[in-house]
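# Architecture at a glance
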There are 2 protein chains.
Amino acid sequence: MVSFTDNDIKAVQTIRTLALDTVNKANSGHPGAPMGMAPAAHVLFSKFFKANPSNSKWANRDRFVLSNGHACALQYVLLHLLGYKVTLDDLKSFRQLDSITPGHPELGVTDGIEVTTGPLGQGFANAVGLAIAQAHLGATFNKDGFPIFDNHTYMFTGDGCLMEGVSAEAASLAGHLKLGNLIAIYDDNKISIDGDTNIAFTEDVAKRFESYDWQVIVVENGDSDLAAIHDAIAKAQAETTKPTIIQLRTTIGFGSKDQGTHGVHGNPLKKDDTIEIKKKFGFNPEEFFAVPNETKEIYAGIAKKGAETEAAWEKLFGDYATKYPEEAADIKRRIDGKLPDGWEKALPTFTPADPAVASRKLSETLLAKLSVAIPELVSGSADLTPSNLTRWGNAVDFQPPSSGLGDYSGRYIRYGVREHGMGAIMNGLAAYGPNLVIPAAGTFLNFVSYAAGAVRLAALSHQRVIWVATHDSIGLGEDGPTHQPIETVAHFRALPNCNVWRPADGNETSGAYHSALTSTRTPSILALTRQNLPQLEGSSIENAIKGAYVLRDVKDAALTFIATGSEVSLAVETADLLAKDGINARIVSAPCLEIFAQQSREYQLQVLPDGHPVISIEAYTSFGWGKLAHESISLDTFGASAPAAAVYKKFGLTSDVISTKAKKVIEFYKSIQVVSPLNKAL
Amino acid sequence: MVSFTDNDIKAVQTIRTLALDTVNKANSGHPGAPMGMAPAAHVLFSKFFKANPSNSKWANRDRFVLSNGHACALQYVLLHLLGYKVTLDDLKSFRQLDSITPGHPELGVTDGIEVTTGPLGQGFANAVGLAIAQAHLGATFNKDGFPIFDNHTYMFTGDGCLMEGVSAEAASLAGHLKLGNLIAIYDDNKISIDGDTNIAFTEDVAKRFESYDWQVIVVENGDSDLAAIHDAIAKAQAETTKPTIIQLRTTIGFGSKDQGTHGVHGNPLKKDDTIEIKKKFGFNPEEFFAVPNETKEIYAGIAKKGAETEAAWEKLFGDYATKYPEEAADIKRRIDGKLPDGWEKALPTFTPADPAVASRKLSETLLAKLSVAIPELVSGSADLTPSNLTRWGNAVDFQPPSSGLGDYSGRYIRYGVREHGMGAIMNGLAAYGPNLVIPAAGTFLNFVSYAAGAVRLAALSHQRVIWVATHDSIGLGEDGPTHQPIETVAHFRALPNCNVWRPADGNETSGAYHSALTSTRTPSILALTRQNLPQLEGSSIENAIKGAYVLRDVKDAALTFIATGSEVSLAVETADLLAKDGINARIVSAPCLEIFAQQSREYQLQVLPDGHPVISIEAYTSFGWGKLAHESISLDTFGASAPAAAVYKKFGLTSDVISTKAKKVIEFYKSIQVVSPLNKAL
Ligand SMILES: [Ca+2]
Ligand SMILES: [Ca+2]
């Protein structure tokens, strides 16, 4: 049995006082949880955690997720003590402009932060994704005597995270998947912002996690019983056939006169309280950000051991490379964040002679080809596989081998009806490392909204996550308005750093996948049709990946139609109809507005020049089209339940109705100096 | 013990064949679950359910929620048999244009439908809301011998609903709240769209619900053991101190040659299969939509008994009215959907001399006053009470009396950190009846996105639900980009039938509440600041409820600023700065774009006339402003963690930066014929 010394206790108190000073200096933040979780953090990082602070990107490092991200003063303090690139000055600029210690942990901002947390429940599900990635890569690459990928994923979580549905979804799936290397430590402090958890959260958490088939371990004294915490983590590690949650009873704001109350949750402590705490912990209350030498030594030792651990792995990997050169090369390529050479050849192209195909079906073909070309592509669906068409023919399911339904090398994840969990798990998969896993998964476009919280964090965290969002409009027909997106695409277009694709045909669908796979710092949502789409004259992958392009140019254009997805062929039909009346209509296909916005102003004005009106056609809300079009043909109400053609007709989305409106527009703008919507002062 | 006869069996088979014919005729829909759940439906509606089909709005009716809404052929069949306004012809036009039998149940479209379901998990949480409403009204109005509100809420749910996080959130809260009149029947058919539930859903559902403190009853043979189903429901009713879930083992598509497989889930059955099923059930396969006389008789009997039940209640209510005239008058007013006379007097008004106040704080004052004026107003928060300021001083918590923390007459709901559940529960509260409960609840604006699925259904279902969405922008400061909304308001503005309010001061906040409370068919999201806002010259409730109005008019305007919320005072500041350079800027305050869009074209063009450029100022994405402004001052990236003023400065949202940009805009438009963005052809 491991023993802890006075120096460990001092280290714990150092973590507490550093977190306190950090929050006090900012005069903003959450002191309570860091003070409560300091012992668990110290035990975990000093005795178990395998990582090299001087190389935070080592592929087989243990992953740490602070799901209760508001406790990030704790994490920043630990990163500092461990020797990551977080200085005392960084702690002192907690929550200040352009610091690397923002109010909640952000991936990409701070060395050693694995995922962005704060929005509750997300980190929990991210950790499930990280654990899936480890299990998958282990099953794919490990060989006898060569545990190349065998890291643990540790996650701290609070009451708030466990109340959120997204964590419930992820927890159920993690139990099903028997993720033995996933260890959660639950800060059971009985306090949330509204007060005692007994006002809203009286469920039996342990029993709930048992129902998910997790191992549950209770530690009665998380405030000071370092040995018990140690034993619990050791026991968690020993159970390799299921995830573990350690229910750690702690006192929020331990040491404060208000400890154990919500008063210490989200505001800096009072000055006198801080003084008393420091005295109680044996610190000089006049000193701030103090780190005793004993603590420095402990943490220097941890860092040294971490460097040695990585070095040993590097040696192991060298031997592995000798024995398994092909696998090693693939791992190296992935770690370097490179797609396999020539992968683009998997993208099919089409001519107008090819048959009309639904873009979800085109996506199915693409995924089948890309699954061969890109071994790190991992697909899945939220229980809509036969509708999303996200599974290639010979796919193996990612399943615990004991299930007999697949194994951990499988690249198809059965997420269940858990869209939000799926989104946050995909973020975790992507966070494991650049090309180690590229996650893609399907649901109906309308239900990507259930995962809005996760999509937002993928965007904020610059993660390549691919949503295969089928049944993308009223074109899904009979399922009706409960399933027909109207606002969904506008929502995600409005979200920064999120590419929304709505391809119009086969070439554009190939372009969409090209972009999604090469946009390494941006999530992509591919909105795909249930219904067939003709192959268009003028489309190409090259055109598509400009975001918008002139599909059909005409002389003396009276107007330009700009359309997306299934409405591009409607624009073509309408232009043909107008041509019979001698009206020349240009057509712009705009599969991705975000990427079009990144093109040169010159190109943009070529696509949408001054001189004639632009009409957008899209079977969604007109909201947002004012930026690109003078007038909009749209659907600003909810849809309807009926066969697709009947729904399109009901809402006037037919070539004859649109051509009549187009004539009205031409007439209206005759007397007006028409400036391109893109021709702006700012 | 109740006994079932051959006629009951025939009724069950009738329900099955009717559902089959309904789906087959549409050539679209879900036959499996209706065939599996027909026995439970028959037992429930023939032996337990208290409702009067000829008056579907009777206040104390039992509520039925089909959370697995894709099984709606079942519900439509039952509504038809029971004598609601659903004819055989309506069944024959299932999923056809403008029918009253859409692809998923929609509140307001079909007589007898209580809530809109289909998006999985929502109905489950709606049922929790309906049960809360009953408990609350019972505690508020029932007297000894007068159980005016004592109905049960029954809900059918499938595997899909139980995988969704939203149902987990609601289930945990329902257990906490000990909702004894809530009875769920879980169609445990081991099948979801992807196949056997063992591929993704292997948790122990019974144990999970026990962990939430629900009563769990298992019925092994839900396909034909009517007596067991009966006993289970009776036992559920007998347990009045906690909700019950009946785990009903059924065979999906019972009777089909593919029964028990996902093949019968979401597509019409084959013709030969249908013929064999009808033969097996003793029906003529050549006959469609057949209802045997015995079945008609049973259901006529149920309807008759239902009418008698309501009549008895009306008599009871008459006696109640004699004894408790005040309470009865209040109930009657609420059922009639009227707010109390003079409630508007509770809305405070302000002058520029009044101090600057955060709009969340203004909202707190309003809620305190409105709580007195409008007794049906029920507030709450997703564990952010001290931040949202949603609780009035003397509020009683809605809690089980045994908790000692409140009682069921309480009007403040502690939702826990469960935004999606909260949203769907609010939809259920609103669904109980027009003014019986008016739900309002708080979270940070950014986390309304977690509840997107529920907000969407409130909008589609025309429900008055009020979101108190505080911390509405980068103005929240240090919590940083994980908590600062950028796209959120655009998302909900793009959603049809959803009013997004962003009041700029006290008068506008009063206007926002005025609108939210009187918009009986529309949910409202009130985006409120953390930071103080000055009281503006020119604002008033009357102006605010036009959605947008001229806050400051000037002669020879060089431009108009249109701004919302906290940016209106920034526009005022900027206009004052420009005035020093002799530039006249008009200011339009636009607290609610949706309501402005409903004003007359004439009024709209008065507010935003031709002749000079319009610049929008809003600390969100510019997405969507093209409809109202020529140019936008906006924030098209994520925010930053720092004190609020520093964040505003970082993103150029200060009067000096904006005034410089304004000059550039004026210059640019000098050479262009400037037409109002609202002056459109279509
Ligand atoms: Ca807590
Ligand atoms: Ca099922």
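Remember, it's a predicted structure, so these values are computed and weren't measured experimentally. (Residues numbered from 1 in each chain as written. Chains lettered and ligands numbered in written order. Predicted model: local features only at pLDDT ≥ 70, side-chain atom pairs only at ≥ 80, totals over all residues. Heavy atoms only, no water.)

### A word on the packing of aromatic side chains
- Using the criterion set out here, one finds 49 aromatic pairs over all chains in the structure.
- Consider the rings of B:Tyr76 and B:Phe94, whose centres lie 5.9 Å apart with planes at 70°: the pair is edge-to-face. Highlighted residues: B:Tyr76 in helix H3 (residues 72-82) and B:Phe94 in the loop between helix H4 (88-92) and helix H5 (122-141), separated in sequence by 18 residues.
- With relative accessibility at 2%, the residue B:Phe94 sits in the buried group.
- Counting every residue linked through ring pairs, the aromatic cluster contains A:Trp58, A:Phe146, A:Trp313, A:Phe317, A:Tyr320 and A:Tyr324.
- Over the aromatic face of B:Tyr412 sits the side chain of B:Arg391, whose NZ or CZ is 5.5 Å from the ring centroid. (Phe/Tyr/Trp six-rings, centres within 6.5 Å; stacked < 30°, edge-to-face > 60°. Helix = DSSP H or I, 4+ residues; strand = E, 2+ residues; numbered from the N terminus. Buried < 20%, exposed > 50% of the residue type's maximum accessible area, 1.4 Å probe, protein only. Lys NZ or Arg CZ within 6 Å of the ring centre and 35° of its normal.)

### A word on helix H19 (residues 506-518) of chain B
All names here are of chain B.
- Between its first and last C-alpha atoms H19 spans 18 Å; for 13 residues at 1.5 Å apiece the expected length is 18 Å, and the two agree.
- In terms of burial, H19 is largely enclosed, as 12 of its 13 residues are buried.
- Buried residues of H19: Gly506, Asn507, Glu508, Thr509, Ser510, Gly511, Ala512, Tyr513, His514, Ser515, Ala516 and Leu517, and no others.
- The opening residue of H19 is Asp505, an N-cap whose side-chain oxygen sits 3.3 Å from the backbone nitrogen of Asn507. (Expected span 1.5 Å × (residues − 1). Polar contact = N/O pair within 3.5 Å; in protein donor to acceptor, adjacent residues only side chain to side chain.)

### Comments concerning the interface of chain A and chain B
- With 111 residues of chain A at the contact, the number on the chain B side is 110 residues.
- Both faces combined, the contact of chain A with chain B buries some 9,300 Å², and carbon together with sulfur accounts for 59% of it.
- At the boundary of chain A with chain B, the tally comes to 10 salt bridges.
- Counting every contact that joins chain A to chain B gives 62 residue pairs in polar contact (both at pLDDT 80 or more).
- Counting residues per element, the side of chain A that touches chain B draws most heavily on helix H7 (residues 165-177) of chain A, which supplies seven residues.
- Of the residues assigned to the side of chain A that touches chain B, the class counts are 45 nonpolar, 39 polar and 27 charged. (Contact = heavy atoms within 4.5 Å. Buried area = accessible area lost by both parts, 1.4 Å probe. Salt bridge = Lys/Arg side-chain N within 4 Å of Asp/Glu carboxyl O. Nonpolar A, V, L, I, M, F, W, Y, C, P; charged D, E, K, R; others polar.)

### Regarding the coordination of the calcium ion (ligand 2)
Residue and element names in this part refer to chain B.
- Protein-derived ligands of the calcium ion (ligand 2) are Asp159 (OD), Asn189 (OD1) and Ile191 (O), with the metal-ligand distances lying across 2.2 to 2.4 Å.
- Counting the intervening residues between successive donors of the calcium ion (ligand 2) yields the motif D-x29-N-x1-I. You can see Asp159 sitting in helix H6 (residues 159-163) and its partner Ile191 sitting in strand E4 (residues 191-192), a full 32 residues away along the chain. For the pair Asp159 and Ile191, a shared accessibility class is recorded, and that class is buried. (Donors = N, O, S within 2.8 Å, 3.2 Å for Na, K, Ca; no water.)

### Comments concerning the environment of B:Asn267
Residue and element names in this part refer to chain B.
- If you trace the backbone, Asn267 turns up in the loop between strand E7 (244-249) and helix H10 (271-280).
- Note: C-alpha distance between Asn267 and Asn24 (243 residues apart in sequence) is 8.8 Å.
- Ignoring anything within four residues of it in the chain, the contact list for Asn267 reads Gly29 and Pro31.

### Considering the sheet that holds strand E14 (residues 524-527) of chain A
Residue and element names in this part refer to chain A.
- Here six strands make up an open sheet; going across it, the order is E10-E9-E11-E12-E14-E13 and the pairing parallel. Taken across any chain shown, the strands that pair with only one partner, and hence form the sheet edges, are strand E10 (412-414) and strand E13 (499-501). Within this sheet the neighbouring strands show an average axis-to-axis angle of 20°, counted without direction.
- In this structure, strand E12 (residues 466-470) lies alongside E14, joined through four bridges in parallel fashion. Residue pairing in the sheet places Val468 in a bridge with Leu526 of E14.
- On top of the sheet, helix H15 (residues 419-431) reaches strand E9 (377-381), E10, strand E11 (438-444) and E12; it is set at about 165° to E11, its chief contact. (Pairing = 2+ DSSP bridges. Axes fitted to C-alpha atoms, helices over the stretch in contact; angles between N-to-C directions.)

### Details of the relation of the copies chain A and chain B
- When chain A is fitted to chain B, the best match, at an RMSD of 0.0 Å, comes from turning it 180° and sliding it 0.0 Å along the axis. Such values leave the two copies arranged in the relation of a two-fold axis.
- A share of 99% of interface residues in chain A that are also interface residues in chain B marks the association as one of identical surfaces. (Least-squares fit on C-alpha atoms with pLDDT ≥ 70 in both.)

### Looking at the UniProt feature "binding site: thiamine diphosphate" (unreviewed entry) in chain A
- As recorded in UniProt, the feature "binding site: thiamine diphosphate" (unreviewed entry) lies at A:His70, A:Gly118, A:Pro119, A:Leu120, A:Gly160, A:Asn189, A:His265 and A:Phe447. For this annotated set, covering 378 residues, the C-alpha atoms extend up to 34.2 Å from each other, a dispersed arrangement in space.
- Looking at the element boundaries, A:Gly160 is found in helix H6 (residues 159-163).
- A relative accessible area of 12% places A:Gly160 in the buried class.
- In this view, A:Gly160 contacts A:Leu120 and B:Val417; residues no more than four positions away in its chain are not counted.
- As for its placement among the helices and strands, A:Asn189 is situated in the loop between strand E3 (182-188) and strand E4 (191-192).
- On the basis of relative accessible area, A:Asn189 is assigned to the buried category, the value being 8%.
- If we ignore the near neighbours within four places in the chain, the residues touching A:Asn189 are A:Asp159, A:Thr250 and A:Ile252. (UniProt positions renumbered as here; feature names shortened; annotations may be inferred.)

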